[in-house]
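Structure at a glance
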Amino acid sequence: MFLKDYISDVVNGVSSLLKGMRKTGYYFTHPKEIITEQYPDNRATLLLSERFKGEVVMPHDANNEHTCTGCTACELACPNGTIKVVTKFEVSPEGKKKKAIDALVYRLELCTMCNLCIVACPSDAIKMAPNFEHSVFDRTKLTKVLNQPGSKIREGIE
Amino acid sequence: MFSLEGITTNVQDWLFMKFNPTLALAMECVIVILLAISLFAILGLVLVLMERKVAAHIQIRLGPNRVGPGGMFQTVADTLKLIMKEGLVPDLADKFLFNLAPFVVMMVGMLLLAPIAFAKNFQIWDINIGVLYISSVSSLSVIGILMAGWASNNKYSLLGAMRSGAQIVSYELSAGFAVLTIVVLTGSLQLSEIVNAQQNGWWIFKGHIPAVIAFVLYIIAVTAETNRAPFDLAEAESELTAGFHTEYSGMRFALFFLAEYINIFIVCAIGATLFFGGWMPLHIGNWEAFNHIMDYIPSSVWFMGKTFFLIFLIMWFRWTFPRLRVDQLLNLEWKYLLPISLFNLLLVAVIAILGWHF
């Protein structure tokens, strides 16, 4: 009985090691499996995953319109005060006052890419973009205004 | 046809024609020393690069690829860096032993080079107890490692050195038994005779399953003896920073690093000689035509090819298998490898006596 256990131990050990060697041998003989990205060289063809979180951006459509209502949900959700929403009141042609954003200030140097603002946004106005080349020589350049100059809220977004 | 034998005989004839015998012999010694040192330097560069490339490809990476075409000069650049670096000696270290240790480890490598047959009739010293010489000298490297660990005056170094001692003492046994199986089959300790006995087929084919088992045991034991992963307990980066060479820097560290790769080359060369016929081309029984074609490949190419195949095998192990703990290491040797190799030796003895091998 002891001898049987002993031999099965040896056989199991050897076979599991061989299994591992088969896997690594497969990788060695198949260079197409290599996942290394040679970054500065392949910058043009660099593929990043869709979930990559590099910075917060606000998408604008062709008419320079966004969907941000200025509700400050993102500002409240942000754990370290990265986002500051500056609101203003727009007067519509009928004389009705409506809240809108003047500037959505985003401070990249404080952002931890935690995605909480994106989750909090009720109108999907902001999203994470896969940009990662953020280095600049001046720190003030990291403070960005996300809404483009002259942009306004899209019709029908409340 | 290219052969190293022709070159050596020409050089020897020329030297003995021009000078008196004593001077010629002295010059031959100098040439051999220079060749050995340059072989070491080249091997160090080539093997380190090979290790990094193999490791990278096994781990689905690219490895060094910036210095020179395909990263060819990476190790040259690394060596230059190591030469430039300051060789620091700790204040409370035993200076004499500290400086001596890397040279002891290197010297063992050089001594082991003597009986290896690199090609047909191309051997430094064809000693009649070649195998015994190898197994006795190879275990001397533990002295260098213990010296380094003790002289560093550092607890990590000492622990690493003690582990290395335990490891080499235990694994020397199964390596010795694996070598003995071939000695039993051949009936000689001389490496040139072991090679000649494989004229009609390598021992790994002629010796049936016991030879294969002996080969596996040999590879496991020598991996442990050269202190490489999965048996790298003497270095143990994760527990002992760098084990016995924690305090070494600059060129002294480079010597330890080089010695590791030289030892791999030597154990693989011996493995190739014992199990794969050394410089002997692949001969299959009585297939005359096939054997003649194989004979056209120079014997040095055969030897290097086999040796590098074994080196690749050991690198493959290193980058695949998980590391062992120190108690698992001793379990593996004393509970598994040693009983199996003893039983295997018995089997081989029966085969050799009854003449069941080809």
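Conventions adopted
Residues numbered from 1 in each chain as written. Chains lettered and ligands numbered in written order. Predicted model: local features only at pLDDT ≥ 70, side-chain atom pairs only at ≥ 80, totals over all residues. Core = buried A, V, L, I, M, F, W, Y, C linked by C-beta atoms within 7 Å. Buried ≥ 20, exposed ≤ 12 C-beta atoms within 10 Å, placed from the backbone. Helix = DSSP H or I, 4+ residues; strand = E, 2+ residues; numbered from the N terminus. Contact = placed C-beta atoms within 7 Å. Nonpolar A, V, L, I, M, F, W, Y, C, P; charged D, E, K, R; others polar. Domains from an automatic or database assignment. Pairing = 2+ DSSP bridges. Axes fitted to C-alpha atoms, helices over the stretch in contact; angles between N-to-C directions. pLDDT = per-residue confidence, 0-100. Expected span 1.5 Å × (residues − 1). Bend = angle between axes of the 7 residues up to and from the residue. Parallel < 35°, antiparallel > 145°, perpendicular 65-115°, else oblique. Left-handed = near helix turned anticlockwise from the far one by under 90°.

1. Some points on the nonpolar core
One finds Tyr218, Ala221, Phe265 and Cys268 of chain B to be the most contacted residues of the largest nonpolar core, which totals 90 residues. The element best represented in this core is helix α12 (residues 250–275) of chain B, accounting for 17 residues. Beyond its immediate stretch of four places on either side in the chain, Ala221 of chain B contacts Tyr171, Ser174, Ala175, Ala178 and Leu337 of chain B. With 16 residues, the next largest nonpolar core counts Met58, Cys68, Cys74 and Ile153 of chain A among its residues.

2. Topic: the interface of chain B and chain A
Each partner contributes to the interface: chain B provides 10 residues, whereas chain A provides 13 residues. Residue composition of the side of chain B that touches chain A, grouped by class: seven nonpolar, two polar and one charged.

3. Digging into the domain arrangement of chain A
The domains assigned to chain A are domain 1 (2–33) and domain 2 (48–153). Taking only C-alpha atoms, the centre of domain 1 of chain A and the centre of domain 2 of chain A are 53 Å apart.

4. Description of the sheet that holds strand β3 (residues 83–91) of chain A
Residues and elements named next belong to chain A. Here three strands make up an open sheet; going across it, the order is β3-β4-β6 and the pairing antiparallel. Every other strand in the sheet has two partners, leaving β3 and β6 (143–145) as the edge strands with one partner each. Within this sheet the neighbouring strands show an average axis-to-axis angle of 25°, counted without direction. In the sheet, β3 pairs with strand β4 (residues 97–107) via nine bridges, with the strands oriented antiparallel. Each bridged residue has a counterpart across the sheet, and for Thr87 the counterpart in β4 is Ile101.

5. Digging into the confidence of the model for chain B
In this model, chain B carries an average pLDDT of 83, and 99% of its residues clear a pLDDT of 70 or more. For this predicted complex, the interface confidence reaches an ipTM of 0.74, while the overall pTM sits at 0.81.

6. Description of helix α7 (residues 155–186) of chain B
An α-helical turn contains 3.6 residues, so a residue and the one three or four places further along point in the same direction. Residues and elements named next belong to chain B. Over its 32 residues, α7 runs 46 Å from end to end, which matches the ideal 46 Å to within 8%, given 1.5 Å per residue. Largest kink in α7: about 25°, centred on Glu172. Where α7 terminates, the next one or two residues include Gly187, which has phi positive at roughly 80°.

7. Section: helix α14 (residues 299–318) of chain B
All names here are of chain B. When the terminal C-alpha atoms of α14 are compared, their 29 Å separation across 20 residues agrees well with the 28 Å that a helix rising 1.5 Å per residue should span. Taken together, the buried positions of α14 are Ser299, Trp302, Phe303, Lys306, Thr307, Leu310, Ile311, Ile314, Met315, Phe317 and Arg318. Where the residues of α14 are buried, they touch α2 (21–58), β1 (117–119), α10 (208–225) and α12.

8. Looking at the packing of helix α4 (residues 95–113) of chain B against α12 of chain B
All names here are of chain B. Viewed as axis vectors pointing N to C, α4 and α12 meet at an angle of 25°, and their least axial separation amounts to 9 Å. It follows from the interaxial angle that α4 and α12 lie roughly parallel. Like other packed secondary-structure pairs, α4 and α12 cross with a definite hand, here left-handed. Taken together, the residues of α12 that come into contact with α4 (itself represented by Pro102, Val105, Met106, Gly109, Leu112 and Leu113) are Arg252, Leu255, Phe256, Ala259, Ile262, Asn263 and Ile266. Class assignment for the residues of the contact of α4 with α12 results in 10 nonpolar, two polar and one charged.

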